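Examining the three-dimensional arrangement
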Amino acid sequence: MGRVELTRFPIIKSAVKNRWPQLAVFIVTLVGYLFAILAGLVGTPVGSRNFSIVFVWIAWWAILILVAVPFFGRGWCAVCPIPLPGEWLQRGAILAPPDKKPKWLNLRWPRALRNIWLQNISFLLLALFSSVLLTTPNITGIVLAAMLFAAIGLSAVFERRAFCRYLCPVGGFIGLYSQTAPIELRIKDKKVCVKCEGKPCYNGSSTSPTAPLSANTGYGCPWDVFPGGLTKNTYCGLCMECIRTCPYDNIAINLRPFSADLAKPSARMDEAFKAFIMLGSAMIYAGVLLGPWGVLKDVAYNVGTGAWLIYAMVFLAIIFIIMPSLFALCISRFGNLNAFKKRFATLSTALIPLGLMFWVAFSLSFVLANASYILASLSDPLGLGWNLLGTAKAAWQPMLTSILAPGQTLALVGGLVWSARTAQKASTEAQVSSVPVIAYSLLATLVMLWLLL
Amino acid sequence: MKRSELLSRILITVAILVAVGTPLFFWARTPIIHAQMAEDGGWSPDVIQAAVGKPLHLRLTSDDVVHGFAVGQMEMDVVDIEPGKVTDVTLTFDKPGIYTFFCTRWCGLNHWRMRGTIEVSGSGSDPAPVATPLYVSLGLDIDAQHESPMVPIDQPSSVRGQQLAADLESSNFSDQDFYRANSPYQVFEVLESTNLTETERWDVVSSLWQSNTTSEALANGKQLYAQNCAACHGENGAGNGVFADDLQVAGESSMRNMTGANDMLMQTPVDFTNPTQMLGASPALLYGKILRGGMGTGMPMWGSIFTQEQIWDLVSYLYSFQFDYQGEVQ
C-alpha cells in the first residue's frame, strides 16, 4: 500500500503553502455562489433556464459526486466559498494572521453537538424538500443565501469553521465518503509532532511563542482537528492551513490507495447513520425522481400537504428504522450482544463505498440527461433573453445515452464488490462473519438496479 | 495593514460587488413581460403603454408553461412564449385606442383570463364609432332560454334543401338580415305555410343557412374555433373539450363555496351538437353571446379580440354542427 507524497513536488508545495492560489479559486467560487443566489432570486423562475438550478444542481453536483468526492475527498471543501466571508470577519484578515485579533465570542462548540447529527438533520431537511428545492430557483437562492449567512453568523459566535464542521448539509456526506478517496492530508513523522510545543497547527502560530522563527505563520485548524492525530479524512477539510502553519514542514498531502481509511473502521453511531441516510436517500431518490411513478413525484413536490407528510414519514422511516433494523437483524445472529452497537457501527463501514457508488449511479442519469441545459444557461444565465456565447438556443438533448445503463450497472456492481471487500476488513475488526453484511449490500444493490434500470 | 492583505480585501470586495451587482443591474434594466397561468397572476405587467406610429418592442417570457401572444383585432403573427426563453415582438399601431392582448395557448383552466391591454395614445384617424351589435338593435335577450320546440329526426341536408329552396316563391328567405335575425326554428315555422314535409323544411333551412355563408368564411370560422373555442366546447362541438370536466368541477365547487373571482361560477360548456339549443338560436343571438361572453359563466368576452367579420364567420361555422353542408367545411 504505497503512498506518494504530493507535497514533495515543489510546484505543488508552493501552490499549497502560498495563500494566493487558493484565494484566487475562492474568489471564483464566491462569485459563482453569489451569482447563483442572485440568479435564483431575480432570474427566470423556470428552473431549467436559471443559472442557480443548472449550475448548482446539475453542474456542481456532477463535479462533486462524480469527480471531487471520489477522487479528491474533501477537495470541494478546500475551495468552497461559504466559510470565506465569515472567516474574514472572525480572523480580521484574509491572508496571514493580523497583529490584532478581532474580539468575537469565539466560543467552543457545545460538547453534546460535537458529532455529525446536526449535519444528518440538515441534510435530511433539504432532502425532504428536494423536489421543490431542486427545481425552484427562488428556493435554491434562499437556501444558498441562508447557508452563507449561517456560516457568517456562526463564525461570530463560535470559534473556527463551526458551520462547515457541524452544520453544513453537504459537508457531512462529503466527509463520510472522503474516506474512500485516494488523497489524504497526514503528518509525515509522529515524533516531530510529539516534540512540537504549542501545536501551532491546532492552536495557530500566534499562540506559539516557542515555535522556531520561520515564515510559517498561520491559523489553528479551522476544522477543529489536531492534524497530528489524523487517521481518517472525515473531518479534515483540506483547507491546507496546517501545511502553512507547521513550523517543521511535517505535514503532507499524499496520494494513496482508494478507501484506505476504511481498512480500520471507526465506530461512531452518527457516522453509521450517515451511511444509512445516504444509502437510503439515494434509493428513495432513484424511485421518486427517476422512477415511473408520477404519483410519487407529485407527492414529493407538494410540500406541506397531507400526502407529503406521509411521504416524509415514510422517507424517515426507511432511513432511520427499516434499513438500520434490517441491517441489525442481519448482523445480530452472530457474536454476542454486548458489543452490538460497536459492531453495528463498525460493519456499517461497508455501506460507505456502496452508498457512494449508489449516488454515482443515480447522479449519472440525471446529470447526463440534463447536462445540455448548461450551455443554454451559460449563455443566458438569468433567462433575460441574452445570448452571451451564442448557445442560448441550444436544445435539450440527453447526452451519452448509450453508456448510461452500462455505466450505472458498472458503478453499482463495482460498489457491491468494493463494499464486500470493505465488509471483509470490517468483519475481521469486529470478529464476525462478513456474509450477512455482503448479503445486505447485495440486496440493496439489487433494489437499486431494479429502480435505475 | 500589509499591502498584500489590502489587495486581497479589495479583490474580494470587488468580486462580491460584481457578482451581486451585475445580475441586479441587468435585471433592472431588462423590462420583460412575464406570462404565467391566470391562476398565478396572468400577464405581468398587464397594461402596456404605446404611441401611434411608434414601433412597440415587447420582450416576453413565460414563467411556467408555453403561452402564446396575440393582439385582438390586429393583423399579426401569433407567437409562442416558451418557459425561460425570451420572445421579441415588435408592433406598430396606426390608430389610438385600447387594444387587448391575450394568450393563444390552452395553458390552463383559466387560460382565457390571460388578457392585458395596450393603451395606444396619440393622434390619428379617430377610431371608427362602434356599430351597435345586431342583437342590441333587435332587442334580443341573449341570456334568455332559446330552446327549439322541435328538432329534425335526421341531420338536415343542404343538398336536398337547395332545390326545394329554389322552388320557393318567397325570396326574402335568402336575405342576410332575415337570416341573421331568425333562428333556424323560426324559419322552419315560417315554412309551415308551404306544403313541404318537416324533413324537407329542415333541409330548406339548412340550405338557406349555407347560402348565407361561403366556404372561405366557414374555413376561417373553423380555424378560429379550433384555436379559441375547442378547448372548452370540444373539437367536434359537443361541449367536451379538454377543459370541460375541470370547468364542471370548478363550477360545482364554486357554487358550493361561493368564493371569489378565481373560482367564479363555471358551467359545462355549451354543446353545439345539441339541436334543441342550436336550432332555437338566431345568428344575432350567437353573435351577441360570443361578443359579450356569458356573464357568470366561463364563457369569455371576445368582442375586444375578434373583428365583426370573424364573429360572423364563427357563427356560420357553429351551425355546421347542425347542418350537413356536404363537404363545404374543410
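All of these numbers come straight from a predicted model, not from anything done at the bench. (Residues numbered from 1 in each chain as written. Chains lettered and ligands numbered in written order. Predicted model: local features only at pLDDT ≥ 70, side-chain atom pairs only at ≥ 80, totals over all residues.)

Looking now at the overall build of chain B. Along its length, chain B carries 12 helices and nine strands. For 330 residues, the compact-globule estimate of 2.2 N^0.38 gives 20 Å, and the C-alpha radius of gyration of chain B, at 26 Å, exceeds that figure by more than 25%. Projected onto the principal axes, the alpha-carbon positions of chain B cover approximately 115 × 50 × 35 Å. Within chain B, buried positions represent 38% of all 330 residues. (Helix = DSSP H or I, 4+ residues; strand = E, 2+ residues; numbered from the N terminus. Rg over C-alpha atoms; globule rule 2.2 N^0.38 Å. Buried ≥ 20, exposed ≤ 12 C-beta atoms within 10 Å, placed from the backbone.)

The next subject is the overall build of chain A. Along its length, chain A carries 21 helices and three strands. Here the C-alpha atoms of chain A give a radius of gyration of 23 Å, agreeing with the 22 Å that 2.2 N^0.38 yields for 453 residues. The 453 residues of chain A split such that 47% are buried. Sequence separation of at least 24 residues holds for 78% of the intrachain contacts in chain A that already meet a minimum separation of 6. (Contact = placed C-beta atoms within 7 Å.)

What follows is about the domain arrangement of chain B. Residue and element names in this part refer to chain B. With domains assigned, chain B is organised as domain 1 (33–121) and domain 2 (130–330). The gap between the C-alpha centroids of domain 1 and domain 2 is 29 Å. In this complex, domain 1 contributes 10 residues to the contact, which on the side of domain 2 involves 12 residues. Looking at the side of domain 1 that touches domain 2 residue by residue, the classes come out as four nonpolar, five polar and one charged. (Domains from an automatic or database assignment. Nonpolar A, V, L, I, M, F, W, Y, C, P; charged D, E, K, R; others polar.)

Judged from the three bridges that link them, strand β1 (residues 33–35) of chain B and strand β4 (residues 56–62) of chain B form a sheet pairing that is parallel. Each bridged residue has a counterpart across the sheet, and for B:A35 the counterpart in β4(B) is B:S62. (Pairing = 2+ DSSP bridges.)

Time to look at the interface of chain B and chain A. Contacts between chain B and chain A engage 24 residues on the former and 21 residues on the latter. Residue assignment for the side of chain B that touches chain A shows that the elements contributing at least two residues are α1 (3–29) and β4 of chain B. Here the residues of the side of chain B that touches chain A are counted per class, giving 14 nonpolar, five polar and five charged.

Moving on: the domain arrangement of chain A. Residues and elements named next belong to chain A. Under the domain assignment, chain A is made up of domain 1 (17–178), domain 2 (184–260) and domain 3 (264–452). The C-alpha centroid of domain 2 is placed 23 Å from the C-alpha centroid of domain 1. Elements represented by at least two residues in the side of domain 1 that touches domain 2 include exactly α4 (75–79), α5 (83–91), α9 (162–167) and α10 (171–178). Broken down by class, the residue content of the side of domain 1 that touches domain 2 amounts to six nonpolar, five polar and seven charged.

Here the focus is the nonpolar core. Ranked by internal contacts, the top residues of the largest apolar core, which has 121 residues, are A:A36, A:F276, A:L279, A:A282, A:M357, A:F358 and A:A361. It is helix α14 (residues 269–289) of chain A that contributes the most residues to this core, 13 residues altogether. Ignoring sequence-local partners within four residues, the contact set of A:A282 consists of A:G355, A:F358, A:W359 and A:F362. Listed in part, the 70 residues of the second largest apolar core include B:A165, B:V205, B:A284 and B:Y319. (Core = buried A, V, L, I, M, F, W, Y, C linked by C-beta atoms within 7 Å.)

All right, on to the sheet that holds strand β1 (residues 4–5) of chain A then. Residue and element names in this part refer to chain A. Strand order in the open sheet formed by three strands is β1-β3-β2, and the pairing between neighbours is antiparallel. Strand pairing shows two members of the sheet lacking a second neighbour, β1 and β2 (183–187), which therefore form its edges. As paired elements, β2 and strand β3 (residues 251–255) share five bridges and run antiparallel to each other. Residue pairing for β3: I187 is matched across the bridge by I251.

Take unusual backbone geometry next. Across the junction of B:S44 and B:P45, the peptide omega takes the value 0°, indicating a cis bond. Here B:P45 lies in the loop between β2 (43–44) and β3 (47–51). Of note in this structure, A:D249 is not a glycine but carries a positive phi near 55°. Along the polypeptide, A:D249 turns up in the loop between α13 (241–245) and β3. Since 14 C-beta atoms lie within 10 Å of it, A:D249 is described here as partly exposed. Its identity is not glycine, yet A:L400 carries a phi of approximately 45°, on the positive side.

A few words now on helix α16 (residues 306–332) of chain A. Residues and elements named next belong to chain A. Between its terminal C-alpha atoms α16 stretches 37 Å, which fits the 39 Å expected from 27 residues at 1.5 Å a residue. Where α16 bends most, the angle comes to about 45°, and this point is I318. Inspection of α16 places W308, Y311, F315, I319, M323, F327 and I331 among the buried residues, and these make up the whole buried set. The inward-facing, buried residues of α16 contact α6 (117–128), α14, α15 (294–301), α17 (340–347) and α21 (435–452). (Expected span 1.5 Å × (residues − 1). Bend = angle between axes of the 7 residues up to and from the residue.)

All names here are of chain B. In this fold, A28 is placed in helix α1. When the 9 C-beta atoms within 10 Å are taken as the criterion, A28 is described as exposed. Each C-alpha atom of the pair A28 and Y179 lies 56 Å from the other, and the pair is 151 residues apart in sequence.

Let us now look at the sheet that holds strand β8 (residues 97–102) of chain B. Residue and element names in this part refer to chain B. Ordered by their spatial adjacency, five strands build an open sheet running β3-β9-β8-β5-β6, and the pairing between neighbours is mixed. Whereas interior strands pair on both sides, the edge strands pair on one side only; in this sheet they are β3 and β6 (79–81). Across the sheet, the mean angle separating the axes of adjacent strands is 30° when strand polarity is ignored. Here strand β5 (residues 67–71) pairs with β6 via three bridges, running antiparallel. Residue pairing for β6: G68 is matched across the bridge by D80. (Axes fitted to C-alpha atoms, helices over the stretch in contact; angles between N-to-C directions.)

A separate point is the environment of A:L66. Structurally, A:L66 is set in helix α3 (residues 51–72). The sequence separation of A:L66 and A:T401 amounts to 335 residues, and the corresponding C-alpha distance is 17 Å.

Residues and elements named next belong to chain A. Close contact between α17 and helix α20 (residues 401–430) brings their axes to 9 Å; oriented N to C, the two are set at 160°. Between α17 and α20, the interaxial angle falls into the category roughly antiparallel. α20 is crossed by α17, and the crossing has right-handed handedness. Together, R343, T346 and L347 of α17 and A423, A426, S427, E429 and A430 of α20 make up the contact between the two elements. Looking at the contact of α17 with α20 residue by residue, the class counts come to four nonpolar, two polar and two charged. (Parallel < 35°, antiparallel > 145°, perpendicular 65-115°, else oblique. Left-handed = near helix turned anticlockwise from the far one by under 90°.)

Of all the residues in α17(A), the buried ones are A:R343, A:A345, A:T346 and A:L347. Among the structural elements, α14, α16, α20 and α21 of chain A are those in contact with the buried residues of α17(A).

This part is about the confidence of the model for chain B. Residues and elements named next belong to chain B. Confidence in the prediction of chain B, expressed as mean pLDDT, is 87, and 91% of residues score 70 or more. Within chain B, helix α12 (residues 308–318) carries the highest mean pLDDT (95), whereas helix α9 (residues 244–257) carries the lowest (71). In this model residues 260–264 is a low-confidence stretch, pLDDT under 50, and it forms six contacts with partners more than four residues away in sequence or in other chains. Interface confidence for the predicted complex, given as ipTM, is 0.87, next to a pTM of 0.83. (pLDDT = per-residue confidence, 0-100.)

Another aspect to go through is the packing of helix α2 (residues 19–42) of chain A against helix α8 (residues 137–157) of chain A. Residue and element names in this part refer to chain A. One way to put it is that α2 packs onto α8 with a least axis distance of 7 Å and a crossing angle of 140°. By the criterion of interaxial angle, the relationship of α2 to α8 is oblique. Seen along the crossing, α2 lies across α8 with a hand that is left-handed. Of α8, the residues touching α2 (which contributes Y33, A36, I37, A39, G40 and L41) are P137, N138, T140, G141, L144 and A145.

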